[in-house]
Amino acid sequence: MAIDLDRVRADTPGCSNVLHFNNAGAALPPQPVLDAQVGHLEQEAMIGGYEAEAEAEPKLRRTYDAIAEMLGCAANEVALVENATRAWDMAFYAMPFGPDDRILTSRAAYASNHIACLQVANQTGATVDVVPSTEYGEVNVDALRAMMDSDVAMIALTHVPTNGGLVNPAAEVGKVAQDAGIPFLLDACQSAGQMPLPIDEIGCTMLSATGRKYLRGPRGTGFLYVQRDWIERLEPPLLDLHAATWTAPDTYEMQPDARRFETWESHVAGQVGLGVAVDYALELGLDAIFDRIQHVAGTLREALRTVFGVTVHDVGRVRSGITTFSAKQMSAGEIQAALRERDVNVSVSTPSSTRLDAEARSLPDLVRASVHYYNTEDEIDRFVSALRDVLANAS
Ligand SMILES: Cc1ncc(COP(=O)(O)O)c(C=O)c1O
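1. Points about the pattern of salt bridges
Under the counting rule described, the total for this entry stands at 22 salt bridges. Between R102 and D129 there is a salt bridge, with its nearest N and O atoms 2.8 Å apart. You can see R102 sitting in strand β3 (residues 102-106) and its partner D129 sitting in strand β4 (residues 127-131), a full 27 residues away along the chain. Neither R102 nor D129 differs from the other in exposure class; each is buried. The partner of R355 in a salt bridge is E359, with the nearest N and O atoms 3.0 Å apart. Taken together, the residues R355 and E359, both in helix α14 (residues 355-360) and 4 residues apart, mark about one turn of the helix. Within this structure, R7, D11 and E283 form a network of salt bridges that share partners.

2. As for the site of the ligand
Taken together, the neighbourhood of the ligand is formed by 13 residues, with T85, D187, Q190, T210 and R212 sitting nearest. One of the side-chain nitrogen or oxygen atoms of T85 is found 2.5 Å away from an oxygen atom of the ligand. Between R212 and the ligand, the recorded distance is 2.8 Å, taken from a side-chain N or O atom to an oxygen atom. In the complex, the protein chains occlude 91% of the 390 Å² of accessible area that the ligand would expose alone. Taken together, the residues of the shell around the ligand break down into 4 nonpolar, 6 polar and 3 charged.

3. Focus: the sheet that holds strand β15 (residues 366-370)
Pairing within the open sheet is antiparallel, and its 4 strands lie in the order β11-β12-β15-β14. The open sheet has two free edges, formed respectively by β11 (310-312) and β14 (347-349), since each of these has just one partner strand. Adjacent strand axes in the sheet meet at a mean angle of 40°, parallel and antiparallel pairs treated alike. Sheet topology places β14 next to β15; 3 bridges connect them, and they run antiparallel. When the bridges of β15 are listed, S349 appears paired with L366. With respect to the sheet, helix α12 (residues 286-304) is in contact with β11, β12 (322-327) and β15, its orientation differing from that of β12 by roughly 10°. Across the sheet, helix α15 (residues 377-392) touches β11, β12 and β15, and the angle it forms with β12 is around 20°.

Reading the values: the criteria
- Residues numbered from 1 in each chain as written.
- Predicted model: local features only at pLDDT ≥ 70, side-chain atom pairs only at ≥ 80, totals over all residues.
- Heavy atoms only, no water.
- Salt bridge = Lys/Arg side-chain N within 4 Å of Asp/Glu carboxyl O.
- Helix = DSSP H or I, 4+ residues; strand = E, 2+ residues; numbered from the N terminus.
- Buried < 20%, exposed > 50% of the residue type's maximum accessible area, 1.4 Å probe, protein only.
- Near = heavy atom within 4 Å.
- Polar contact = N/O pair within 3.5 Å; in protein donor to acceptor, adjacent residues only side chain to side chain.
- Areas by Shrake-Rupley, 256 points an atom, 1.4 Å probe, with all protein chains shown as cover.
- Nonpolar A, V, L, I, M, F, W, Y, C, P; charged D, E, K, R; others polar.
- Pairing = 2+ DSSP bridges.
- Axes fitted to C-alpha atoms, helices over the stretch in contact; angles between N-to-C directions.
- Contact = heavy atoms within 4.5 Å.

The quantities given are spatial measurements derived from coordinates; they are silent on function.
Here's what the structure looks like:
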């Protein structure tokens with residue numbers, strides 16, 4: 001079923017206020033997500049935070065169930081955490097890496113993930129190997145297969161990188177990981193809410209994601225999926241009295257499920273809002289969402305190619321809603337600031353956010369115009385004319 005644009009835009013108060021092409025930063029939330037958060041905050045103020053949380057128990061349970069429905073996993077394989085980075089870290093740092101271990105990652109790795117790999121390599125003597133990319137910019141699955149040996153301890157892949165339209169072939173990587181019986185950690189921060197994420201087809205053992213981007217949920221929310229068998233094998237790097245129980249003066253027992261990756265204190269209003277955001281996406285359908293996003297982003301890329309001085313930098317055979325470009329007249333930061341003055345939101349992707357890819361492709365700072373299903377052709381026209389105007393005024 002195609003998305004009812006009038007309805008989703010009417011549901012999104014920000015649509016009448018701003019031209020928002022910064023969905024890879026934080027998307028505009030729909031009204032039900034806003035109402036759920038505000039409603040919970042009001043309850044906290046009226047009856048007390050702990051009491052409001054107890055009352056919200058069914059809604060919080062729905063958040064786990066909705067995420068599980070989206071991924072096709074069990075609710076007790078899902079941990080709610082504060083962002084995608086923390087989710088990724090809790091899984092990654094739980095791995096008992098040693099000096100003989102190899103961690104395989106890819107060229108479009110997100111900075112925080114790669115920094116963590118380098119830290120673990122420094123601390124344990126493990127090696128970090130970068131799988132080469134194909135001519136299309138995707139992780140090269142044949143090269144990955146050829147790199148597999150008994151020392152490979154983990155494959156870590158960024159599904160949709162922060163700096164462009166690429167969608168990596170996660171399911172093909174999952175097949176290699178499964179054939180070798182190696183854990184596969186998928187950074188789905190930019191893909192969650194943008195496209196279907198069927199765990200059984202992707203074959204990842206762990207998956208990290210955030211609430212505020214394509215899921216249109218609240219800031220300060222994220223989640224981690226860990227496959228049942230791996231939950232039992234992983235000891236999170238941080239434990240508290242929620243993740244574990246202090247059973248005797250010198251012993252503790254970790255939660256048997258994914259709760260072992262959580263902390264006791266949490267942003268309850270955000271977690272309630274996250275469940276509503278996931279339900280909103282599920283109701284529209286993730287296939288329909290991805291179809292619409294690909295259409296909008298494809299139209300934007302075509303339109304950008306007609307603008308004098310602009311180069312579009314997106315790679316990949318399958319492309320996401322993230323569109324990146326540079327212009328010879330102005331820097332990305334100047335373009336972002338000038339567009340902001342015209343109530344147009346974009347962000348800037350710097351080489352340090354994806355250093356391996358940026359260096360391999362000699363990328364400058366890029367303007368990142370990331371579109372969602374609720375963006376329209378009319379907004380693309382307005383965007384391109386605002387951009388032409390900004391570039392025409394370049395000194
Ligand atoms: C690919 C990717 N992974 C991870 C993150 C980190 O997400 P968070 O800020 O929720 O920790 C981002 C944020 O932009 C990202 O683009």
